[in-house]
Amino acid sequence: MKIHYYGHSCFGLEIGSSFLLFDPFISQNPLSDPTLLDTLNPQYILISHGHFDHIADASPIAKRTQAPILSNFEITLWLEKQGLSQVLPMNLGGNRSFDFGKIHYVQAAHSSSLPDGSYGGTAGGFIVEGPEGILYYAGDTALMSDMKLFGECFQIDIALLPIGGTFTMGVDEAIRAARLLNCKQVMGVHFDTFEAIKIDHEEAKKKFQDEEIPFHLLKMKESLIL
Ligand code: NI
Ligand code: MN
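What counts and what doesn't
- Residues numbered from 1 in each chain as written.
- Chains lettered and ligands numbered in written order.
- Predicted model: local features only at pLDDT ≥ 70, side-chain atom pairs only at ≥ 80, totals over all residues.
- Heavy atoms only, no water.
- Donors = N, O, S within 2.8 Å, 3.2 Å for Na, K, Ca; no water.
- Helix = DSSP H or I, 4+ residues; strand = E, 2+ residues; numbered from the N terminus.
- Buried < 20%, exposed > 50% of the residue type's maximum accessible area, 1.4 Å probe, protein only.
- Axes fitted to C-alpha atoms, helices over the stretch in contact; angles between N-to-C directions.
- Parallel < 35°, antiparallel > 145°, perpendicular 65-115°, else oblique.
- Contact = heavy atoms within 4.5 Å.
- Nonpolar A, V, L, I, M, F, W, Y, C, P; charged D, E, K, R; others polar.
- Right-handed = clockwise from strand over helix to strand, strands pointing away.
- Pairing = 2+ DSSP bridges.
- Tetrahedral: all angles 85-135°; square planar, octahedral: opposite > 155°, others 65-115°.
- Polar contact = N/O pair within 3.5 Å; in protein donor to acceptor, adjacent residues only side chain to side chain.
- Arc of directions from axis to C-beta.

Peer 1: I would appreciate a short explanation of the coordination of the manganese ion (ligand 2) in the present structure.
Peer 2: When a metal carries six donors in an octahedron, the ideal angles between them are 90 or 180 degrees, while four donors in a tetrahedron ideally lie at 109.5 degrees. Taken together, the protein ligands of the manganese ion (ligand 2) are Asp53 (OD), His54 (NE2), Asp140 (OD) and His190 (NE2), with distances of 2.1 to 2.2 Å. Going along the chain, you hit the donors of the manganese ion (ligand 2) in the pattern D-H-x85-D-x49-H. Between the manganese ion (ligand 2) and the nickel ion (ligand 1), a spacing of 3.2 Å is present, and a bridge between the two is formed by aspartate 140. You can see aspartate 53 sitting in helix α2 (residues 52-55) and its partner aspartate 140 sitting in the loop between β10 (133-137) and α5 (146-153), a full 87 residues away along the chain. For aspartate 140, a relative accessible area of 2% corresponds to the buried category.

Peer 1: Is there a simple way to explain the packing of α5 against helix α6 (residues 171-181) in this structure?
Peer 2: For the pair α5 and α6, the least separation of the axes is 7 Å and the interaxial angle reads 40°. By the criterion of interaxial angle, the relationship of α5 to α6 is oblique. On α6, the residues touching Met147, Lys148, Phe150 and Gly151 of α5 are Ala177, Leu180 and Leu181. Along the lines of polarity and charge, the residues of the contact of α5 with α6 split into five nonpolar, one polar and one charged.

Peer 1: Explanation requested: the pairing of strand β12 (residues 185-189) in the structure shown.
Peer 2: On any regular strand, side chains alternate: one points to one face of the sheet, the next to the other face. Judged by how many residues are buried, β12 sits mostly within the fold: five of five residues are covered. Both faces of β12 are covered, namely the face carrying Gln185, Met187 and Val189 and the face carrying Val186 and Gly188. Handedness of the strand β11 (residues 158-162)-α6-β12 crossover: right-handed. Inspection of the sheet shows β12 paired to strand β13 (residues 215-216) by two bridges, in the parallel sense.

Peer 1: I'm lost on the coordination of the nickel ion (ligand 1) in this one. Help?
Peer 2: Looking at the nickel ion (ligand 1), the protein donor atoms are His49 (NE2), His51 (ND1), His110 (NE2) and Asp140 (OD), and they sit 2.2 to 2.3 Å from it. Around the nickel ion (ligand 1) sit four donor atoms, and with donor-metal-donor angles ranging over 91 to 174° the site reads as irregular. Between the donor residues of the nickel ion (ligand 1), the gaps in sequence give the motif H-x1-H-x58-H-x29-D.

Peer 1: Any chance you could explain the sheet that holds strand β9 (residues 124-130) here in plain terms?
Peer 2: Hydrogen bonds between backbone groups are what pair the strands of a sheet, and the pairing can be parallel or antiparallel. The seven strands are arranged β7-β8-β9-β10-β11-β12-β13 in an open sheet whose pairing can be described as mixed. If you trace the sheet from one side to the other, it starts and ends with β7 (95-98) and β13, each paired once. The pairing of β10 with β11 spans three bridges and is parallel. Its bridge partner lying in β11, leucine 135 is registered against isoleucine 158.

Peer 1: What is the right way to look at helix α7 (residues 201-210) in this model?
Peer 2: At 3.6 residues per turn, the α-helix brings residues three or four places apart onto the same side. If you check the start of α7, you find a side-chain oxygen 3.1 Å away from the backbone N of glutamate 202, and it comes from aspartate 200. The first or second residue beyond α7 is glutamate 212, which carries a positive phi of 55°.

Peer 1: How should α5 be read in this particular structure?
Peer 2: Within α5, the full set of buried residues consists of Met147, Phe150 and Gly151. Each buried residue of α5 lies within a common arc of 100° when the element is viewed along its axis, so the set occupies one face. Of the exposed residues in α5, the ones pointing more than 90 degrees away from its buried face are Glu152 and Cys153. Buried-residue contacts for α5 involve β8 (101-107), β9, β10 and α6.

Take a look at the structure:
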């Protein structure tokens, strides 16, 4: 597996011969690279919940690449009304199988409305399970005891956890989450994009180091091979 970071909670995952794009937020992210809008070529697009900082560029990329969008039922219905036909609806607790493995849609403790105010269903996260390993992307969430259950059900190789605080968990909660998940390593997401979620990188790294949890903070377009 290979992870490519595109800022905020947007990242790509190479698994098998497939490329999965999560929570595309490029055109409205001042820290992102706008050329990514035209250069990313995912086979699938995964949306954790309806907030603009996770769904903003899903439609244009899906229209250009014809990549199906996986998300909850309400979000895929909303996208269909916007003229997207290639959607793969899911809901919490369900999974879908692909040639690279399985995608599970799991609960997150967060809200989910769409940019026009439409109901966005329940916020979620994804567990991607394949022969190369298991990745858990928490989406936007608070710390929650369900993470212990995820850790019992899956041998998680890497957890992508929000660490910016204010709208989600912060660094301290992400450390507790990593313990509940019993994951091998953590990559931080959902930080620095807005004033309210700016973090001290060195402090975050030190806190994870003190707990002996391998921790990654990737820069824009940096990659991580697992
Ligand atoms: Ni959100
Ligand atoms: Mn968010």
